[in-house]
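# Overview (structure and organization)
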Amino acid sequence: HNEPKEVLENYFTVAEEHLRPFEQKYKGKSIFPIHEEEESVFLSLAAYREHLLSDTMQYAFRQAKHPEKLYVGAVVQNCFGKVIDDEGRVVDASGKPCKTGLEVVGKNAAGRDQTKLSDAPPDKNGIEAFCNENDEFRQYCENGQIRVLYVHSSESLGPAVARYYASKLWGGETYFMQCDSHLQFAQDWDAKYIAEIKATSNYPKSVLSSYPPGFSGHMAQATVHETPGSRLCYCETLENDPNPIVRINSGSGYKGDEPRPTQIPFIAAGFFFARAEFLTDVPFDPYLPWCFMGEEIALSIRAWTSGWDIYAPRVNLIAHQYRPGRLGLPKFWESVNQFWHRPIMNNLVQHIMINRLKHMVRYPDASIEKMKSEGLPVDKIVMDMDQYGMGTERTYDEYFEYAHMKMNPKTQRIDCSSNQWCNQGLKD
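Starting afresh in each chain, residues are numbered from 1 along the sequence in its written order. At least 70 in pLDDT is required for a residue's local features to be given in this predicted model, at least 80 for side-chain atom pairs to be given and counted, and no such filter applies to totals for whole chains, interfaces and linings, which use all residues. Side-chain measures here rest on the full set of heavy atoms in the structure, leaving out hydrogens and waters.

## Side note on the pairing of strand 18 (residues 271-275)
In terms of burial, strand 18 is a largely internal element, 5 of the 5 residues being buried. The rule for pairing is simple: two strands pair if DSSP sees at least two bridges between them. Put simply, DSSP H or I for four residues or longer makes a helix, DSSP E for two residues or longer makes a strand, and each gets a number counted from the N terminus. Across 5 bridges, the pairing between strand 10 (residues 175-179) and strand 18 is antiparallel. Note on strand 18: the bridge partner recorded for Y175 is R275. Note on classification: 1.4 Å probe, protein chains only; a residue is buried when its accessible area is under 20% of the maximum for its type, exposed when over 50%, partly exposed between these limits.

As structure tokens, then:
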């Protein structure tokens, strides 16, 4: 078995040879010809073995007020079949070459869930389904409004890297919206988000973000019933996390009579909406392989210190399918563990790479000295941190005071206190 440090060394060797030059050439620029279409929206979708990708895209276009101005950049990480050649170009899709996620199949003697992986056919290609199964949507594919990067699920590097690649599919659209790939949309959601962000007091350097309400079961209902939005006011550290780092959470909701959106201190990676200049000021970090937790606090502090204010939208215009484990839907960390034939391999590599996020947020246990004492590849962990770290418009200390956070030197973790200005909507 390759050891986690060796795996990461190999990743950064490839990243330095290929990804770093790519970044230097296209930082702050589109790799596609720029089209100056006013009020256009780019929808960034990172989809891991997503059976609802086509449905999500159909609902987004069908419910948009201006579908002709909607562009999608999707990173599709699927099991396409059994990979035969080293370059991943030859695939045998016959039979059941893939695996499900962990499915709950019963209870053991102690009353705990018993799970298993099952053989499965190749994943549905949501892009092909969207473009070919319904004449209503084929026009958007033919017009070049759908951009896609395909990745074998066995080569998935986690949501942070997938979202980085999705951001590179932006083609000059006015607005950038990042969201999950299992969503429902309200009628005219695009025009309403544009109007909402223009109502913020710091526009154009404003970000809308929230944890959308959930729905369960199938996506038969295409239209979201609009409800008052909630604010991301709270943070916490869960002791049972395999790699503990601060998480964000919701606070109070809007009452429905607020004249404009109010500020919040946090951005949710699963949904935010901003002008696309955000991509220049807060470029996505390509050096976060296998990271899952920590993405949101890093995104929040980087945006705010770069001069962007964060706001909760007053109305929920999307709904998210929250997924209990019993459904047996695949998770990216399961593929990592299967690929390396080690049941905790993802946690092991994440335990090292999360130091990049913790170092930026100034956790004492992720200082340069501490990492060196543990024999970690420090030069790799902090590579190009000056380009993907905090901004210069506001300071680290100002953000911690703003967000009601404090680094606890005894526990070496972030303590979060009640945030009244956020919960009461006191900052415009």
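## Some remarks on the nonpolar core
By size, the foremost hydrophobic cluster in this structure holds 79 residues, and its most contacted members are F266, F278, W290, Y399, F400 and M405. A total of 7 residues in this core trace back to one element, the largest contributor, which is helix 10 (residues 345-360). To form a nonpolar core, buried Ala, Val, Leu, Ile, Met, Phe, Trp, Tyr and Cys residues must be joined to one another through side-chain atoms within 4.5 Å. Core analysis: the next-biggest nonpolar cluster, separate from the first, contains 39 residues, A47, L53, L70 and Y311 among them.

## Side note on the sheet that holds strand 9 (residues 146-152)
Sheet architecture is open: 8 strands sit in the order 9-2-1-10-18-12-19-17, paired in mixed fashion. Lying at the two open borders of the sheet, with one neighbouring strand each, are strand 9 and strand 17 (262-264). Sheet twist, expressed as the average angle between the axes of neighbouring strands with direction ignored, equals 25 degrees. Across 7 bridges, strand 2 (residues 70-78) lies against strand 9 in parallel orientation. Note that in strand 9 the partner of Q77 across the bridge is V151. Lines fitted to C-alpha atoms define the axes, with helix axes restricted to the stretch in contact, and inter-axis angles between N-to-C directions lie between 0 and 180 degrees.

## Looking at helix 5 (residues 159-167)
Of all the 9 residues making up helix 5, 8 are buried; the element is thus mostly covered by neighbouring parts of the structure. Of all the residues in helix 5, the buried ones are P159, A160, V161, A162, R163, Y164, A166 and S167.

## Structural notes on unusual backbone geometry
The amide bond that connects Y203 to the next residue, P204, takes the cis arrangement and shows omega of 20 degrees. Relative to the helices and strands, P204 is located in the loop between helix 6 (189-198) and strand 12 (206-209). Within the chain, R49 stands out as a residue other than glycine whose phi angle is a positive 45 degrees. Considering the arrangement of structural elements, one finds R49 in the loop between strand 1 (41-48) and helix 2 (53-63).

## Here's the deal with the state of the cysteines
Here, the term disulfide refers to a pair of cysteine sulfur atoms separated by no more than 2.5 Å. The full count for this structure, using the stated rule, is 4 disulfides. Put simply, C233 and C422 are joined by a disulfide, and their sulfur atoms are 2.0 Å apart. With the S-S dihedral at roughly -80 degrees, the linkage between C233 and C422 falls on the left-handed side. Taken together, the residues C233 in the loop between strand 14 (227-228) and strand 15 (234-236) and C422 in helix 14 (residues 420-423) connect sequence positions 189 residues apart. Taken as a pair, C233 and C422 share a single burial class, namely buried. Residue C235 pairs covalently with C416 via a disulfide, S to S 1.9 Å. Between C235 and C416, the S-S torsion sits near -115 degrees, and that sign places the bridge as left-handed. Within this pair, whereas C235 is found in strand 15, its partner C416 is found in strand 23 (residues 413-416), the two being separated by 181 residues in sequence.

## A closer look at the sheet that holds strand 11 (residues 183-185)
Taken together, the 3 strands give an open sheet; going across it, the order is 11-21-13, and neighbouring strands pair in mixed fashion. Because the sheet does not close on itself, it has two edges, and the strands there are strand 11 and strand 13 (214-215). Two strands pair when backbone bridges link them, and strand 13 and strand 21 (residues 318-321) are joined in this way by 2 bridges, in the parallel orientation. When the bridges of strand 21 are listed, G214 appears paired with H320.

## Remarks on the side chain of T237
Along the chain, T237 turns up in the loop between strand 15 and strand 16 (247-249). Given a relative accessible area of 18%, T237 falls into the buried group. Here a residue-residue contact requires only that any non-hydrogen atoms of the pair lie within 4.5 Å. T237 has contacts with P244, I245, V246, R413 and I414, leaving out every residue within four places of it along the chain.

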